[in-house]
Amino acid sequence: PFAFGERELRVTQMLAGTLGAAIARQELRDRPAAAAATDSLTGLPNRREWDERAPRELARAARSGNPVSLALLDLDHFRAFNEAHGHAAGDALLKSCAARWWNAVRSVDLLARLGGEEFALLLPNCIAPDAVIAVERMRKATHDLRAVSAGIAQWDMREPLESLMLRADVALY
């Protein structure tokens, strides 16, 4: 067995300190990028992150030929809830719904808060009937908090993200 002497111990401590400082610096550098991509209230990806990642997912699906579905979700009568119970209660509701939905989706899915009470879910390798099942799972996860409306559209493998989102938005209403 190898035994550390005083010199080896000092060198090891010095290397550990240097490594620890380097990790801390990298974490400080990564924070602004993570903050820019994350909704500060819910912890979900924000609209900016959605606008970057969703087109990449569509491009990946186009290369692989795998289906993609999109769901837009909206908390029903959220503004009335906010006015009746206050903004703090509204924020708590948004946070609770986002946390429960996060636990109800697959790790490959992209769930983002677009703004207000509007959320988007991109489901790679998922056809529309399976997207309906995924959205129902999300709705059940928050049925005791608030009713949720959703619109679902399956990507036609050609249209831009904006068109897909418009179709899902029309389905929502």
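Here, every reference points to the structure presented above.
A few points on the structure.

Thresholds applied
Residues numbered from 1 in each chain as written. Predicted model: local features only at pLDDT ≥ 70, side-chain atom pairs only at ≥ 80, totals over all residues. Heavy atoms only, no water. Buried < 20%, exposed > 50% of the residue type's maximum accessible area, 1.4 Å probe, protein only. Helix = DSSP H or I, 4+ residues; strand = E, 2+ residues; numbered from the N terminus. Pairing = 2+ DSSP bridges. Contact = heavy atoms within 4.5 Å. Axes fitted to C-alpha atoms, helices over the stretch in contact; angles between N-to-C directions. Core = buried A, V, L, I, M, F, W, Y, C linked by side-chain atoms within 4.5 Å. Salt bridge = Lys/Arg side-chain N within 4 Å of Asp/Glu carboxyl O.

## Looking at the pairing of strand β3 (residues 118–124)
Argument step 1. Within β3, six of the seven residues are buried, leaving the element largely enclosed by the surrounding structure.
Argument step 2. Alignment of strand β1 (residues 68–75) against β3, held across seven bridges, turns out to be antiparallel. Bridge assignment links Ala 71 to a residue of β3, and that residue is Leu 121.
Argument step 3. Note that strand β2 (residues 110–115) and β3 share five bridges and pair antiparallel. If you follow Arg 113 over to β3, its bridge partner there is Phe 119.
Argument step 4. Hairpin connection, β2 to β3: the antiparallel pair is bridged by two residues, and Gly 116 has positive phi, about 50 degrees.

## Here's the deal with the environment of Phe 4
Argument step 1. Counting through the fold element by element, Phe 4 comes out in the segment before α1 (6–37).
Argument step 2. Residue classification places Phe 4 among the exposed residues on the basis of a relative accessible area of 57%.
Argument step 3. Setting aside its immediate chain neighbours within four residues, Phe 4 contacts Leu 9 and Thr 12.

## Considering the sheet that holds β2
Argument step 1. Taken in spatial order, the four strands of this open sheet run β2-β3-β1-β4, and their pairing is antiparallel. If you trace the sheet from one side to the other, it starts and ends with β2 and β4 (148–154), each paired once. Within the sheet, the average angular offset between the axes of one strand and its neighbour, ignoring direction, is 20 degrees.

## Things to note about the nonpolar core
Argument step 1. The biggest cluster of nonpolar side chains holds 23 residues, and the ones touching the most others in it are Leu 73, Leu 75, Trp 101, Phe 119, Leu 121 and Met 138.
Argument step 2. Residue assignment for this core shows that the elements contributing at least two residues are β1, α3 (78–85), α4 (87–104), β3 and α5 (128–141).
Argument step 3. Broken down by element, the residue count for this core peaks at six residues, all from α4.
Argument step 4. Those residues in contact with Met 138 that sit more than four places away from it in its chain are Leu 73, Trp 101, Ala 104, Val 105, Leu 111 and Leu 121.
Argument step 5. Ranked by size, the runner-up nonpolar core spans 18 residues in total, among them Leu 110, Leu 114, Trp 155 and Ala 168.

## Focus on the pattern of salt bridges
Argument step 1. By the definition in use, this model includes eleven salt bridges.
Argument step 2. As a salt-bridge pair, Arg 79 and Glu 117 come within 3.5 Å of each other at their nearest N and O atoms. With Arg 79 in helix α3 and Glu 117 in the loop between β2 and β3, this pair connects stretches of sequence that are 38 residues apart.
Argument step 3. Taking the relative accessible area as the measure of exposure, Glu 117 reaches 9% and is therefore buried.
Argument step 4. Between Glu 159 and Arg 167 there is a salt bridge, with its nearest N and O atoms 2.6 Å apart.

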